[in-house]
Structures are given as C-alpha cells and as structure tokens.
Amino acid sequence: MITNTHVDVLIVGAGISGIGAAYHLKTRRPGTSFAVLEGRDTIGGTWSLFRYPGIRSDSDMPTFGFGFAPWTHRRAIADGSTILDYLREIVTENGLEAHIRFGHRVLDAAFSSADGTWTVTVERSGSAEPVQLTSRFLLLGTGYYDYRCGFTPEFAGIEDFEGEVIHPQHWPEDLDHAGKRVVVIGSGATAVTLVPAMAEAAGHVTMLQRSPSYVLCMPAVDPIAAALNALLGHRRAYPILRRKNVMIGRGLFTACRRFPRLMRRLLIAGVRRRLPRHFDVDTHFTPHYDPWDERLCIVPDGDLFTAVSAGRASVVTDRIARFTERGLLLESGQELVADVVVTATGLNLLPFGRIRLAVDGNPVHLPQTTMYKAMMLSGVPNLAFGLGYTNLAWTLKVDLVWQHFCRLLDHMDAHGHGTFEAVLDDRDMERVPFLDLQAGYVQRGIGEFPRAGTRGPWTVEHAYELDVARLREGPVQDDALRFTAARPRPLEAVA
C-alpha cells in the first residue's frame, strides 16, 4: 500500500474510468508514481453501487470492456455482477489494488502555479480530520452523476401510500417482491431492465410511463463472437469483434440522425414483431421524438416483450395525479394498485464528484470553463478527466483519453515541461452543452458542467473515429496547449 503523501499522479475514482487510468499509467509509464482515491470501500463505481434486479450493461461488452482486456464471457449483454468480476480480475492481475486507497473521499483540490503542484484535501472513513495529499497531475474518473441520491420527482400523496417506495439507486438488500404487485415508474434503460427481471417472481409488474422510449432488441449472445472466439481464441478475436461492434453502433447512430423517419419506422416495426397483434404499440412504444434524441434502450433477447406477451407485465402510458393508500391514481382516473412502487425516474447529474477546484487561490467555476479535446479544462493546469460516450460504450472513450494522457506525459518529459494548460484565446467561439441529448436528467443538470466549443480542439463529438484521429493518432501539441518548464518536486512526506 502506498503511504507517501506525494505522488506524480492522483486518480479520483476506482470505477471503470479510474481503473483504466491506473492500468495505462502502470503499463505505459512504469516510472510514474500514482495513487487511486476511492470514496467507497470497493472498486467498480456504478457496478458495485447499483444492486437492483437485472442490472446489466446497455452496451455490448466487447466495446464496453477495455481494449487491453478481452471480454471472454459468452454473453455480449452482461449482468452487473459479471461486469464487476471482470473489473476485479483486471485489478488483481495487474497489481492495481496496491495503488488504491479506499475510504478516501476528495473534498477539494487546489493547484499552485508557483510549484506546479495539486494539493488535494481528502476525507477518510473513520477519521474526523481531513488529510492533504499532493501530486503533479490530477485525473478525475468520477463519472457524471450523483452517487448519493437519484432523482425522484415530487409526487402528491406519497406519504399516504401503505406499500414500499424504492429508487433503483438505493435498492434494499432484503426486499422480497415475490407474488407482489409492482409498479415501475419510468420508461428508460433502468425501467426496461427492472420490469422483466422483477416479473420472474412478482405477481404482476406494470411499467408506468409518461411517454415511450425507443427500444431496440439485441441478442444477449452474439453468434459471430462465439464463432470467432472458438476459431481464433479470445485475444485474437477481440479486436475484430470490437471493430465490428463499433461500426454497427456508429452506423446505427448515424442512420438515426440522418434518416430519422426511416429509422423510426424500422425501430417501431421491430417492436411490433415482438408483441401480440392486438397490442397498442402506437401508444406505448412510439415516442414523440426522433431516434437518438435520447439514448436507445437495449432489450437483450426481447425479454421485456416476452414478459408483456406472457401477461406477467404490462405497460400503462399516463400521468400520475397522486399516490393513494393502495397505489397510484392516474390523470385518466385509473388507479394502479401496488404493493411496491419503484421510481426509475432518473439520475442527478453531478460534475466531478462535487470536488471543489481552485487555481492559485481562485475557485474554478465549471460552466465558465471549456473542454479541450473533451479531456481537459481551459485555464486549469495539469488536470484531465475521463467522460465516456453517450452513443457508444463509455470505455471506448476513456481508453483513448488515458492513452493520450500518457503520450502527453511522454512529451513533457522529452521537452522538460512541468505543467500543461489549455488556453482558450478564441473568445468569439460559441460554447454549447457537451451532451446533446434531450433526456430529462441531462436537461436538469447540464448547466453545472463545463461547456464544449464549436471548432478546433474544443469540440466534443461523441464520435469514436474522430477521437481515434484526435487522441490516438493526432499530435499532442497544438497552439491551444501551453507548457511551462519543470519545477523541483516538493519533498515527499510520509503519512
């Protein structure tokens, strides 16, 4: 276990982004010292936090898995526990756990230009006194939503309900829903996952939605992957499968944006084929927006439609007037009787895990900063962050970001640089939200985040092929990235 209070790089978060950063630093920069600060007592981020029934990836695992660690499980759409096992294997096999400090929640981080150093204030589990660590570089692998609480709208009369109300982000381990009447409020990825999973044991599950989402069926087991793995072995087949799945994913997204009417018809036709002939697809599975204005919901092997067709689950499209003692009264006058209500109503966006940033004593106001190469902030030296794609697997992007960061350190070493800083001189450039989605959780919280630019290295494209050209193949240096000479490293103190 690392005990010194100064390292070259501090990584915040031991989820997918933080684990990826640690791996790339250890393998590409073996002489670079680093530590991973994790506020909880386990790795995995999302995959150890969420425990609701059926939790699974919403991207195929050959692209959601790391490029350096082939996904060997037969299921392309994997459950949460299998993904967590995969992450644990990576940490163990690469000796990363010795670098992770659990129970270390970062409160604030201040950069000093005088010595080119970050001072990070950390709250430790079981200790009333915060501690301070220092580093040359700070990497944020914190994701972009609030781990403390999910989003639940204000529902009139909720205190009158005699059953249980649960948010998926805070799932109780002792919940027994066998034989009970369950209402799941929502129509997004969490809702379409929960409904078929809970329907296996519940008396009946109703998905209650204000408006429908686009739902796309995918095979849980990819037959092409199975054949290639058997023929070539996992390590040789993996890059081929990743390339295939990236092309399919990007092709689907591009088709939805360029030909929304055609793709709308095709997606809805796919739903009709999965449901009984009399089912009202126009009401319950025909969104009012174009495909990919919000993220598509993936349904492996059509399990949601199987549950609905079998009568174990149903879909109601209506608005909630209020909770009652027995369940939910809808604006149409219908009452849904329930023993358990699950509010799959979304997440709260949160930039950089609530960490307060400052440079030379001046607080950093994130909405006033602009993202550089979608991995740095204008005016904030020696800081990088990993935020994944919304239209492809998260890991594809963060892999590229950390590879580019290692190249950046190589460049700095070769030229004797001590700090880097993205400087925005183009004051006339329009700045826009970095997420181009109409989902409610995005619209509620996007104003608290850094902005994206509209030209040059300031754009955020959410396009893998463009990021490969920019981050993997493109030069490290350009006119917007400024460097200063190296300064003596502060003396290391022993904790």
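Residues numbered from 1 in each chain as written. Predicted model: local features only at pLDDT ≥ 70, side-chain atom pairs only at ≥ 80, totals over all residues. Heavy atoms only, no water.

## Some thoughts on the side chain of R40
Structurally, R40 can be placed in the loop between β2 (34-38) and α2 (46-49). A polar side-chain atom of R40 sits 3.4 Å from the main-chain carbonyl oxygen of G45. A distance of 2.8 Å separates a polar atom in the side chain of R40 from a polar atom in the side chain of S48. (Helix = DSSP H or I, 4+ residues; strand = E, 2+ residues; numbered from the N terminus. Polar contact = N/O pair within 3.5 Å; in protein donor to acceptor, adjacent residues only side chain to side chain.)

## Some thoughts on the pattern of salt bridges
Going through the model one piece at a time under the given rule, you end up with 17 salt bridges. A salt bridge links D58 to R295, with the nearest nitrogen and oxygen atoms 3.2 Å apart. Residue D58 is found in the loop between α2 and α3 (61-64), and its partner R295 is found in the loop between α9 (281-284) and β11 (297-300); the two are separated by 237 residues along the sequence. Judged by relative accessible area, which is 31%, D58 ranks as partly exposed. (Salt bridge = Lys/Arg side-chain N within 4 Å of Asp/Glu carboxyl O. Buried < 20%, exposed > 50% of the residue type's maximum accessible area, 1.4 Å probe, protein only.)

## Considerations on the packing of aromatic side chains
Under the counting rule described, the total for this entry stands at 22 aromatic pairs. Seen from their ring centres, F66 and F68 are 4.7 Å apart, and the 15° between their planes marks the pair as stacked. Here the two residues F66 and F68 agree in accessibility, since each one is buried. For the ring pair Y144 and W394, a centre distance of 5.4 Å and an interplane angle of 70° mean the geometry is edge-to-face. (Phe/Tyr/Trp six-rings, centres within 6.5 Å; stacked < 30°, edge-to-face > 60°.)

## Thoughts on the sheet that holds strand β9 (residues 204-209)
Read from one edge to the other, the open sheet built from 5 strands follows the order β7-β16-β8-β9-β12, with strand pairing classed as parallel. Edge positions in the open sheet fall to β7 (164-166) and β12 (313-317), since each of these has one partner strand only. When strand polarity is set aside, the average angle formed by the axes of neighbouring strands in this sheet is 20°. Here β9 runs beside β12; their pairing, made up of 5 bridges, is parallel. When the sheet's bridge partners are listed, L208 is paired in β12 with V316. (Pairing = 2+ DSSP bridges. Axes fitted to C-alpha atoms, helices over the stretch in contact; angles between N-to-C directions.)

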